[in-house]
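The primary structure of each chain is shown beneath.
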Amino acid sequence: MANSQVCLLGLLILICSTSIGTAKHMKYKDPTLPVEIRVNDLLKRMTLAEKIGQMTQIERKDASADVMKNYFIGSLLSGGGSVPKPQASAKDWVNMINDFQKGCLATRLGIPMIYGIDAVHGHNNVYGATIFPHNIGLGATRDPDLVKRIGAATALEVRATGIPYTFAPCIAVCRDPRWGRCYESYSEDQKIVQAMTEIIPGLQGDVPANYQKSYPYVAGKNNVAACAKHFVGDGGTHNGINENNTIIDYHGLLAIHMPAYYDSVYKGVSTVMVSYSSWNGVKMHADRKLVTGFLKNKLQFKGFVISDWQGIDRITSPPGANYTYSVQAGVSAGIDMIMVPDNYVEFINDLTLLVNKKVIPMSRINDAVRRILRVKFIMGLFEKPLADLSLADQLGKKEHRELAQEAVRKSLVLLKNGKSKNNPLLPLSKKVPKILVAGIHANNLGYQCGGWTIEWQGASGNITIGTTILDAIKATVNPTTNVVYSENPDANFIKGNNVSYAIVVVGEPPYAETNGDSSKLTISDPGASTIQTVCGAVKCVVVIVSGRPVVIQPYIASIDALVAAWLPGTEGQGVADLLFGDYGFTGKLPRTWFKSVDQLPMNIGDKHYDPLFPLGFGLTTKPASKS
């Protein structure tokens, strides 16, 4: 009996010492160790299935805790409009994400997944979030510090819902306003786009002094991993056709489309997304020279490269025609994480087969997984994989809405003020008997926000919480002033109401990506006739709500004052702040405003540059005296 007890005791000591030793040697679980040591330790422990799982990003609609666990899935995303439920709260988001995360934590190695979302002008998929002006408006501000503050506010709102990763910023240099994503570009001028990469330290936090250059950085729980996109040349496609071919020599590509990537990598951006577009006929998703050769080797980018939505499928024409080849071409080019987003079983099987047949070397898989794990360790995901509600009060909070209002004020560009220099219309008087507000964009929050708002393509009406331009006008004028609103008034309505002046708010409908491609660039009906009817009868200021310059020259003679408001977001009060002189106009055109679409493409520096308003144009006003 004594001998058996001694043996049992010895066995227990052996088991305990073995488990202690194992835990001690699980370096990847030790937050005191350098990131690269943790990455190396974890990578050595992983099977091929676990590695390929890390390279797979799927849509939340196709996920479950079991899928995450059984396929070792490394990342989830919400596509545009993909939400736990309509008007979901921060709690709904956190609970959903944690349910998925628990599946990952139940795996052998417990590697947490990273959840990504397109928070491209605030946390725009989420009801009640602050929606900031789209990038084209921010480009008009010429204010990198403002953009950095917007990044910090957006990070807090994204983290409020338990999400640690945003597919932003878009650092495209839009060279043709016919492109449906032009509003996602800060400017046609790469220097302005470069300056606006200051949003990255806003989102991720400031890189500390002496931090390794080109190494990803996320400061902590109040920050998110950012994503510079779309690498490279997405804003230069032929005729502005989305996902098309950018025809430019190597010097031109580097001079116009690449500079913002230098800045982004230097500022520690965690991820880079590859463009759907091609460069001189070669699909970017299959361009090893640029993705691996330039981004990873020359710029020494150490974060991970992610594909766009079904981006590898589109390597072939038609998309998905030879999926195995697409997997081979995309991964071989240097893409580390594949946004599948639903076809994950076929992707995993095909990539596994390609590795087993030695078509794709293990060194390429290890490089991809090393980069993904590096970002996850840097973010602190291993220490805090589960989200909580500690930041729930940040969603749509007052200070963020005030920041958005400031951004609107700084983004508006005054293009005309009075039919003569000596007779300006703006600022408008707040104290007149009656004002007419007209136009289908005046009282439509969805139109004001544009695409990528609640839904992928955006939507019409009161789609979230905010202030329409009409509401802002009513809140700004003297209580004795009567504000009458008519979307498209006729001459009799105007005559019968005897108004002092009119504010006409017209523009484009919401759109995103290819749906926004336009060869005509006209404002929505009945916008043109509204301008002609109203401005032909009474003094008027026309406010254009659009994602880019639109055709305005035929009407400009009848307009007294003209304002480019871009896509201002939820805080319409910023528009009224300028119209009535509480603040002065300071915005400058981030894009050339054409006379006719026949001139396009036309950018600053072109030989035949003959714009209606040049890049950088913008009249200024001083705040009205408070009486």
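An unreviewed UniProt entry annotates the protein as Beta-glucosidase protein of Dioscorea alata.

Enquirer: Help me out: how do you make sense of the overall build of the protein in this one?
Expert: Within the protein one finds 21 helices and 17 strands. Out of the 627 residues belonging to the protein, those deemed buried represent 62%. Taking the 63 positively charged and 52 negatively charged side chains of the protein as two groups, their mean positions are separated by 4 Å.

Enquirer: Sorry if this is basic, but what is going on with the pattern of salt bridges here?
Expert: Two side chains carrying opposite charge are able to pair once their charged atoms lie near each other. Summed over all chains, the structure comprises 31 salt bridges. R374 is paired through a salt bridge with E36; the nearest N and O atoms lie 2.7 Å apart. Taken together, the positions of R374 in helix α15 (residues 362-379) and E36 in helix α2 (residues 35-45) put the pair 338 residues apart, joining distant regions of the chain. One network of salt bridges, in which partners are shared, links D143, D145, R149, E406 and K410.

Enquirer: Whenever I open this one, the packing of helix α10 (residues 250-257) against helix α11 (residues 259-266) confuses me. Can you help?
Expert: Packed helix pairs are specified by the crossing angle of their axes together with the interaxial distance, meaning the distance between the axes. Direction vectors running N to C along α10 and α11 enclose 55°, while the axes themselves pass 5 Å from each other. Taken as axis vectors, α10 and α11 run oblique relative to one another. Residues L254, A255, I256 and H257 of α10 pack against P259, Y261 and Y262 of α11. Looking at side-chain class alone, the contact of α10 with α11 contains 6 nonpolar, 1 polar and no charged residues.

Enquirer: Is there a simple way to think about the nonpolar core in this case?
Expert: Nonpolar side chains tend to gather and get buried jointly when the protein is soluble and globular. Core analysis: the largest hydrophobic core is formed by 115 residues, its most contacted members being F231, L351 and L373. Here F231 is in contact with M258, Y261, V272, M273, V274, S275, M284, L290, V291 and L295, once residues within four sequence places are set aside. Judged by nonpolar contacts, the second largest core, of 71 residues, contains A442, V534, C535 and I544.

Enquirer: Would you explain the sheet that holds strand β6 (residues 245-246) in this entry?
Expert: Each strand in a sheet pairs with another by means of backbone hydrogen bonds, the pair being arranged parallel or else antiparallel. Sheet architecture is open: 3 strands sit in the order β6-β8-β9, paired in mixed fashion. Lying at the two open borders of the sheet, with one neighbouring strand each, are β6 and β9 (282-283). In this sheet, β9 lies alongside strand β8 (residues 278-279) in antiparallel orientation, the contact comprising 2 bridges. Considered in β9, the bridge of S278 is made with K283.

Enquirer: What is the right way to look at the packing of aromatic side chains in this model?
Expert: Given two aromatic rings, their pairing is described by the distance between the two centres and the angle made by the two planes. As enumerated under the stated definition, the model contains 13 aromatic pairs in all. Ring centres 6.0 Å apart and planes at 75° place the aromatic pair Y165 and F304 in the edge-to-face group. With Y165 in strand β4 (residues 165-166) and F304 in strand β10 (residues 304-306), this pair connects stretches of sequence that are 139 residues apart. Classification of Y165 by relative accessible area gives buried; the value is 0%. A centroid spacing of 5.9 Å and a plane angle of 65° characterise the contact between Y211 and Y215, whose relative ring orientation is edge-to-face. Of the two residues, Y211 and Y215, neither departs from the other in class, the shared state being buried.

Enquirer: What am I meant to see in the side chain of T161 here?
Expert: On the secondary structure map, T161 appears in the loop between α7 (144-160) and β4. Among the residues examined, T161 registers a relative accessible area of 0% and is labelled buried. There is a polar contact of 2.8 Å between the side chain of T161 and the side chain of H123. Of the polar contacts made by the side chain of T161, one reaches the backbone oxygen of V158; its length is 2.7 Å. Those residues within four positions of T161 in sequence are excluded, and the remaining contacts are A90, W93, V94, I97, H123, V126 and L395.

Enquirer: I keep staring at the packing of α2 against α15 and nothing clicks. Help me out?
Expert: Orientation of α2 relative to α15, taken along the N-to-C sense of each, is 130°, at an axis distance of 9 Å. Between α2 and α15, the crossing angle belongs to the class labelled oblique. Crossing handedness for the pair α2 and α15: right-handed. Here α2 contributes V35, E36, R38, V39, N40, L42 and L43 to the contact with α15, which in turn contributes N366, V369, R370, L373, R374, F377 and I378. Split into classes, the residues belonging to the contact of α2 with α15 amount to 8 nonpolar, 2 polar and 4 charged.

Enquirer: What exactly am I supposed to notice about helix α18 (residues 469-476) here?
Expert: Those residues of α18 not exposed but buried are I469, L470, A472, I473 and T476. Buried residues in α18, looked at end-on, bunch into an arc of 160°, giving them a common side. Tucked into the core, α18 has its buried residues touching β13 (434-438), α17 (445-449), β14 (482-486), β15 (501-507), β16 (540-545) and α21 (573-579).

Rules and cut-offs
- The residue numbering used here restarts from 1 in each chain and proceeds along that chain's sequence as written.
- Per-residue local features are limited, in this predicted model, to residues with pLDDT of at least 70; the limit for side-chain atom pairs, both in listing and counting, is 80 or more; totals at the level of whole chains, interfaces and linings are taken over all residues.
- Hydrogens and water are ignored here; the side-chain numbers use all heavy atoms of the structure.
- In this description a helix means any DSSP run of H or I spanning at least four residues, a strand means any run of E spanning at least two, and both kinds are numbered starting from the N terminus.
- Relative accessible area decides the class of each residue, using a 1.4 Å probe on protein chains only: under 20% of the type maximum gives buried, over 50% gives exposed, and in between gives partly exposed.
- Only four residue types enter the tally: Lys and Arg on the positive side, Asp and Glu on the negative side, with His and both chain ends excluded.
- A charge is said to be at NZ when it belongs to Lys, at CZ for Arg, at CG for Asp and at CD for Glu.
- Here a salt bridge means any side-chain nitrogen of Lys or Arg lying within 4 Å of a carboxyl oxygen belonging to Asp or Glu.
- In this analysis an axis means a line fitted to C-alpha atoms, helices contributing only their contacting stretch, and an angle means the value between N-to-C directions, from 0 to 180 degrees.
- To sort the angles, those under 35 degrees are grouped as roughly parallel, those over 145 as roughly antiparallel, those from 65 to 115 as roughly perpendicular, and the leftovers as oblique.
- For this analysis, residues touch if any pair of their heavy atoms sits within 4.5 Å.
- Residues are grouped as follows: nonpolar covers Ala, Val, Leu, Ile, Met, Phe, Trp, Tyr, Cys and Pro; charged covers Asp, Glu, Lys and Arg; every other residue, Gly included, is treated as polar.
- Throughout this description, the term nonpolar core refers to a set of buried Ala, Val, Leu, Ile, Met, Phe, Trp, Tyr and Cys residues connected via side-chain atoms within 4.5 Å.
- A pair of strands is considered paired only if DSSP assigns at least 2 bridges between the two.
- Two aromatic rings, drawn from Phe, Tyr or Trp (for Trp, its six-membered ring), form a pair once their centres lie within 6.5 Å of each other, and the interplanar angle then sorts them: stacked below 30 degrees, edge-to-face above 60, tilted otherwise.
- Polar contacts, as used here, are pairs of N or O atoms within 3.5 Å; protein pairs need one atom able to donate a hydrogen and one able to accept it. Residues neighboring in sequence count only if both atoms are side-chain atoms.
- The sense of a crossing depends on the near helix, which, turned anticlockwise from the far helix by less than a right angle, makes the crossing left-handed and, turned clockwise, makes it right-handed.
- This arc corresponds to the set of directions leading from the helix axis out to the C-beta atoms.

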